[in-house]
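Descriptive analysis of the structure
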Amino acid sequence: MVRWAESGELSRLIEVEQAADGLFLQVGIEFPPGTTMVQEVADVGTVLVEGEPAAGFAMFGWVDGNVHLDQLAVHPGQMRQGIGGRLVRAVLDHARAAGAPAVTLTTFRDVPWNAPWYERHGFTVLPEREWGPEVRKVVEHERELGIEVAPRVVMRADLGR
């Protein structure tokens, strides 16, 4: 069941994110050293989790008037059980309830559990000419951090209010 994160479980979420990031090595993607995204979270009210202890989480914020999915991670030992899909649906439901017109995210274009997976969950690639100024800043920031180690895309799921 998806629930809101509690501050005491952030160390577990860091473990989940690091383990999930390790999967990228099998497709030749190695992230630069540094902090995890969830390690930098300022408000646990922007993090949804599933599991006790947490098996996965979704972290989000606001970008260009849309909810922006900053990070989705599921521990590799608990993948392929629908956890990621339930977390995405919870983010979409939260965005609808908050009055957002869409949910956006950035992801790797060619990694099977990234862009192709999000397409199966209602996201489409957002052409660069349609990016807002804040999403542009997110992409630029990812480049500065060295995250763009393989082709990336911005994706959007319209919520049809």
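Above this text sits the structure in question.
So, a few notes on the structure that sits alongside this text. (Residues numbered from 1 in each chain as written. Predicted model: local features only at pLDDT ≥ 70, side-chain atom pairs only at ≥ 80, totals over all residues. Heavy atoms only, no water.)

**Description of the sheet that holds strand S5 (residues 102-108)**
The seven strands are arranged S1-S2-S3-S4-S5-S7-S6 in an open sheet whose pairing can be described as mixed. The open sheet is flanked by strand S1 (2-4) and strand S6 (124-125), the only strands paired with a single partner. Where S5 and strand S7 (residues 152-158) come together, seven bridges link them in antiparallel fashion. Directly across from Thr-106, in S7, lies its bridge partner Val-154. Of the strands in this sheet, S1, strand S2 (47-50), strand S3 (56-63), strand S4 (66-74), S5 and S7 touch helix H2 (residues 83-97), which is tilted by about 165 degrees from S4. Packed onto the sheet, helix H4 (residues 133-145) meets S3, S4, S5 and S7 and runs at close to 130 degrees relative to S3. (Pairing = 2+ DSSP bridges. Helix = DSSP H or I, 4+ residues; strand = E, 2+ residues; numbered from the N terminus. Contact = heavy atoms within 4.5 Å. Axes fitted to C-alpha atoms, helices over the stretch in contact; angles between N-to-C directions.)

**Thoughts on the nonpolar core**
Counting residues in hydrophobic clusters, the biggest one holds 26 residues, and the most contacted among them are Leu-69, Leu-72, Val-91, Val-103, Tyr-118 and Phe-123. At the level of secondary structure, the elements contributing two or more residues to this core comprise S3, S4, H2, S5, helix H3 (115-120) and S7. At seven residues, H2 tops the list of elements feeding residues into this core. Residues Ile-14, Val-16, Val-49 and Ala-73 belong to the second largest nonpolar core, which totals 13 residues. (Core = buried A, V, L, I, M, F, W, Y, C linked by side-chain atoms within 4.5 Å. Buried < 20%, exposed > 50% of the residue type's maximum accessible area, 1.4 Å probe, protein only.)

**A few points about the packing of aromatic side chains**
Ring pairs (aromatic) are described by centroid distance and by the angle formed between their planes. Evaluation of the coordinates by the stated rule reveals five aromatic pairs. With 5.1 Å between their ring centres and 85 degrees between their planes, Trp-117 and Tyr-118 make a pair best called edge-to-face. The pair formed by Trp-117 and Tyr-118 is uniform in burial state, with each residue classed as buried. A relative accessible area of 8% means that Tyr-118 is categorised as buried. Here the basic side chain of Arg-152 rests over the ring of Phe-108, its NZ or CZ set 4.5 Å away from the ring centre. (Phe/Tyr/Trp six-rings, centres within 6.5 Å; stacked < 30°, edge-to-face > 60°. Lys NZ or Arg CZ within 6 Å of the ring centre and 35° of its normal.)

**Considering the pattern of salt bridges**
Considering all chains together, one arrives at nine salt bridges under this definition. Here Glu-142 makes a salt bridge to Arg-152, at a shortest N to O gap of 3.0 Å. With a gap of 10 residues between them, Glu-142 in helix H4 and Arg-152 in strand S7 connect regions that are remote in the sequence. Take Glu-142: its relative accessible area is 12%, and that puts it in the buried class. (Salt bridge = Lys/Arg side-chain N within 4 Å of Asp/Glu carboxyl O.)

**Some points on helix H1 (residues 10-22)**
In this model H1 runs 18 Å from its N-terminal to its C-terminal C-alpha over 13 residues, within 8% of the 18 Å that 1.5 Å per residue would give. Turning to H1, its buried residues are Leu-13, Ile-14, Val-16, Glu-17 and Ala-20. Angularly, the buried residues of H1 cover 160 degrees about the axis, an arc narrow enough to put them on a single face. On the buried face of H1, the contacting elements are S2, S3 and S4. (Expected span 1.5 Å × (residues − 1). Arc of directions from axis to C-beta.)

Remember, this is a structural readout, not a statement about activity or role.
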